[in-house]
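Structural features, examined
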Amino acid sequence: MRTSVVCWDWNGTLLDDVDICRTVMNQVLFERAQLAFSDRESYRRSFRFPIREFYADAGISDDEFVPAADRYLSLLEFAVADAQLRPDARSTLAELARRGVPQILASATVTDALHRQLHPHAITDVFDEVLSIADAHAASKADVIAEWIGRIGAAPQEVLLVGDTNHDREIAEALGTRFVHCSFGHQDLSGETGLETIESLSEVLALV
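Report follows, based on the coordinates. Predicted, not measured: the structure shown is a model, and the values here were computed from it. (Residues numbered from 1 in each chain as written. Predicted model: local features only at pLDDT ≥ 70, side-chain atom pairs only at ≥ 80, totals over all residues. Heavy atoms only, no water.)

What about the packing of aromatic side chains?
Scanning the entire structure with this criterion turns up eight aromatic pairs. A centroid spacing of 5.7 Å and a plane angle of 40° characterise the contact between Y43 and F47, whose relative ring orientation is tilted. For Y43, a relative accessible area of 1% gives the class buried. The class of F47 is buried, set by a relative accessible area of 9%. A centroid spacing of 5.7 Å and a plane angle of 85° characterise the contact between F47 and F49, whose relative ring orientation is edge-to-face. The pair formed by F47 and F49 is uniform in burial state, with each residue classed as buried. (Phe/Tyr/Trp six-rings, centres within 6.5 Å; stacked < 30°, edge-to-face > 60°. Buried < 20%, exposed > 50% of the residue type's maximum accessible area, 1.4 Å probe, protein only.)

As structure tokens, this is what we get:
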């Protein structure tokens, strides 16, 4: 079945914030006397959902998860303003819009914070909808994507989910959508077999 709708992840996929997030996470770890991620690749090998497990692997106990996550989000609020779109994000979004392909953005970021991140980049006009989450500590967007697919009556097989984490992959598998992994994002999934992967966002144009 052909792809008729593209569902984009935001952080790490359209927004190039990997190094910024690693720097912020390292500050949280430093404040708790834990070892920092020495480079981009060590961070990407460790990063995963559920976020609570990622924190646990980094040395943050379950009891400390909420205050540590809140500290991370407060630091990120200011730091992420320096993040730029991926080099081919704007042109790819524009070309899909020119073709008349519906696009949505779905993020595991709470609504207000997401809109503040989006505002400087002036790209919201290309999306039919922007989906976000209500609980920053749960950080799962599965329900909002499932609700959206049901609401518009799309066949899941017609939806292409473009993302950079195991969370995106698991959502696609659960909902029956196609998934393509962005190899440059927050999580290194190179060890997984049978994974459709792209090296640049412009490659999505050949998949639609």
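That covers the picture; the talk isn't over yet.
Thoughts on the environment of N166
With respect to the helices and strands, the residue N166 is situated in helix α8 (residues 166–175). Put simply, N166 and T177 are 11 residues apart on the chain and 14 Å apart in space, counted from C-alpha to C-alpha. Excluding residues within four positions of it along the chain, N166 makes contact with R48, F49, Q187 and L189. Among the polar contacts made by the side chain of N166, one reaches the main-chain carbonyl oxygen of F49 at a distance of 2.9 Å. (Helix = DSSP H or I, 4+ residues; strand = E, 2+ residues; numbered from the N terminus. Contact = heavy atoms within 4.5 Å. Polar contact = N/O pair within 3.5 Å; in protein donor to acceptor, adjacent residues only side chain to side chain.)

What to know about the nonpolar core
By size, the foremost hydrophobic cluster in this structure holds 47 residues, and its most contacted members are W8, W10, L14, M25, Y55, Y72 and V162. For this core, the secondary-structure elements that each account for two or more residues are β1 (5–8), α1 (18–31), α3 (51–57), α4 (65–79), α5 (89–99), α6 (111–118), β6 (159–163) and β7 (178–182). Ranked by residues supplied to this core, first place goes to α1 with seven residues. Excluding residues within four positions of it along the chain, M25 makes contact with F37, F54, Y55, A58, I60 and Y72. (Core = buried A, V, L, I, M, F, W, Y, C linked by side-chain atoms within 4.5 Å.)

Focus on the packing of α1 against α4
Where α1 contacts α4, the two axes come as close as 9 Å, and the packing angle between them is 140°. Between α1 and α4, the interaxial angle falls into the category oblique. Like other packed secondary-structure pairs, α1 and α4 cross with a definite hand, here right-handed. On α4, the residues touching I20, C21, V24, M25, Q27, V28 and E31 of α1 are A68, R71, Y72, L75, L76 and A79. Across the contact of α1 with α4, the residue classes break down as 10 nonpolar, one polar and two charged. (Axes fitted to C-alpha atoms, helices over the stretch in contact; angles between N-to-C directions. Parallel < 35°, antiparallel > 145°, perpendicular 65-115°, else oblique. Left-handed = near helix turned anticlockwise from the far one by under 90°. Nonpolar A, V, L, I, M, F, W, Y, C, P; charged D, E, K, R; others polar.)

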